[in-house]
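Inside the fold
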Amino acid sequence: MAKSYDVTLIPGDGIGPEVAAAAVRVLGATGVDLQWETVMAGAEAAGREGNPLPDSVLESIRRNRLALKGPTATPIGTGHRSVNVALRKTLDLYANLRPVQTLPGVKSRYDNVDLIVVRENTEDLYSGLEHVVVPGVVESLKIITEKASTRIAKYAFEYARTHGRKRVTAVHKANIMKLSDGLFLDCCRAVAAAYPGVTYDEMIVDNTCMQLVLDPTRFDMLLLENLYGDIVSDLCAGFIGGLGMAPGANIGETAAVFEAVHGSAPDIAGKNKANPIALILSGAMMLDHIGEQEAADRVRAAVHGVLREGRKLTGDLGGSAGTTEIAEAIAGHI
């Protein structure tokens, strides 16, 4: 008897409901029995309930241990806290996993990119500890702990070991932040010593960005603190066509949330123009996570097939198809 999986679905804001529906359609075509429990988070939830992340959302994810999430809107400089940050901290989703791999038929200056970005997800400047010292002076606290640094390093090296990756590069700014980034490197070095089959090296974050732009194929896995990981993972998405093509996962001990990392794009919301590939590929990562490897591979192969054919592509990919059309084409390939 086929196994059934309960999954929390967070459609999100803007184009979120459209790309979420597309991902559900494609994942349904695999035949894997996914039972969706839809809950609301983000700006719409804030308007309805006065809270962008209602307790019911957290309860659903804790119960199902699995979630697929569309983009949620976050006000800049004011308003409610980022739903993504709150989810990661509240559920202790400590590992942000962002594979960056060249896709067929997608225009890019780069070829043969195959990177894995592993980002610590719970501390650093994203702890949100800020205060006004005196008027005109604000202090933000960067929190780095041995526990979180060791845990994310172990995740990266274990991923390398189980997925045949050869090298992990720890990215830092320990030449300036000698204590905080120095502690991060100490933890990475200690973990690396337990994985002699994986090459370990280190690189300062600004040099890493330059080297990535010059030749991203020289890297295998990048291991980063929270802020550096946020910036570098978006930079890497540019190698494969942008955030609309980049899947992501937030993984903890008791739950995992898979999400497209692009924004909610309110300017095209409701117009059937959004590219759903990032969330579809995030869904494939979710299938990997629950052990449905064959189904995950079929989703990725179907995405590649539609991109290679080039007939049912959204506007950002040079085509004229809508969100529903590209989703149906991918589902048809499956």
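Model, not experiment: these values are computed from the prediction. (Residues numbered from 1 in each chain as written. Predicted model: local features only at pLDDT ≥ 70, side-chain atom pairs only at ≥ 80, totals over all residues. Heavy atoms only, no water.)

Here's the deal with the side chain of Asn 64
Position of Asn 64 relative to the elements: it lies in helix 3 (residues 55-64). Since its relative accessible area comes to 12%, Asn 64 is described here as buried. Engagement of the side chain of Asn 64 in a polar contact is seen with the side chain of Thr 8, the distance being 2.9 Å. Leaving out residues up to four positions away in the same chain, Asn 64 has contacts with Asp 6, Val 7, Thr 8 and Glu 37. (Helix = DSSP H or I, 4+ residues; strand = E, 2+ residues; numbered from the N terminus. Buried < 20%, exposed > 50% of the residue type's maximum accessible area, 1.4 Å probe, protein only. Polar contact = N/O pair within 3.5 Å; in protein donor to acceptor, adjacent residues only side chain to side chain. Contact = heavy atoms within 4.5 Å.)

Things to note about the sheet that holds strand 9 (residues 199-204)
Taken in spatial order, the ten strands line up as 2-1-3-12-11-4-5-10-8-9 in an open sheet, and their pairing is mixed. Two strands lie at the open edges of the sheet, namely strand 2 (33-38) and strand 9, each paired on one side alone. Along the sheet, successive strands turn relative to each other by an average axial angle of 25°, direction set aside. Alignment of strand 11 (residues 247-251) against strand 12 (residues 256-260), held across five bridges, turns out to be antiparallel. The residue of strand 12 that forms the bridge with Asn 250 is Val 257. Its contacts with the sheet place helix 3 against strand 1 (4-10), strand 2, strand 3 (66-69) and strand 12, and it is angled at close to 155° to strand 1. Its contacts with the sheet put helix 7 (residues 205-214) on strand 5 (114-120), strand 8 (167-172), strand 9 and strand 10 (221-224), and the angle it makes with strand 9 is roughly 105°. (Pairing = 2+ DSSP bridges. Axes fitted to C-alpha atoms, helices over the stretch in contact; angles between N-to-C directions.)

Concerning the side chain of Arg 98
Secondary-structure assignment places Arg 98 in strand 4 (residues 95-101). Among the polar contacts made by the side chain of Arg 98, one reaches the side chain of Ser 233 at a distance of 3.0 Å. In this structure the side chain of Arg 98 is engaged in a polar contact, spanning 3.3 Å, whose partner is the side chain of Asp 234. Setting aside its immediate chain neighbours within four residues, Arg 98 contacts Leu 115, Ile 116, Val 117, Ser 233, Asp 234, Ala 237, Leu 243, Pro 247, Gly 248 and Val 261.

So, the pairing of strand 12
Strand 12 sits mainly inside the fold: five of its five residues count as buried. Where burial is concerned, the two faces of strand 12 agree: the one with Ala 256, Phe 258 and Ala 260 and the one with Val 257 and Glu 259 are both buried. Bridge count for strand 3 against strand 12 is four bridges, and the pairing is parallel. Pairing of Leu 68 across the sheet is with Phe 258, part of strand 12. Where strand 11 hands over to strand 12, the hairpin turn is made up of four residues, counted between the paired strands.

With respect to the pattern of salt bridges
As enumerated under the stated definition, the model contains 22 salt bridges in all. For the salt bridge of Glu 259 with Arg 88, the shortest nitrogen-to-oxygen distance reads 2.9 Å. Of the two residues, Glu 259 is situated in strand 12 and Arg 88 in helix 4 (residues 83-90); the sequence distance between them amounts to 171 residues. Neither Glu 259 nor Arg 88 differs from the other in exposure class; each is buried. The salt bridge partner of Arg 189 is Asp 186, with a shortest N-O separation of 3.6 Å. Linking Arg 189 with Asp 186, this pair stays in helix 6 (residues 180-192), spanning three residues, or about one helical turn. (Salt bridge = Lys/Arg side-chain N within 4 Å of Asp/Glu carboxyl O.)

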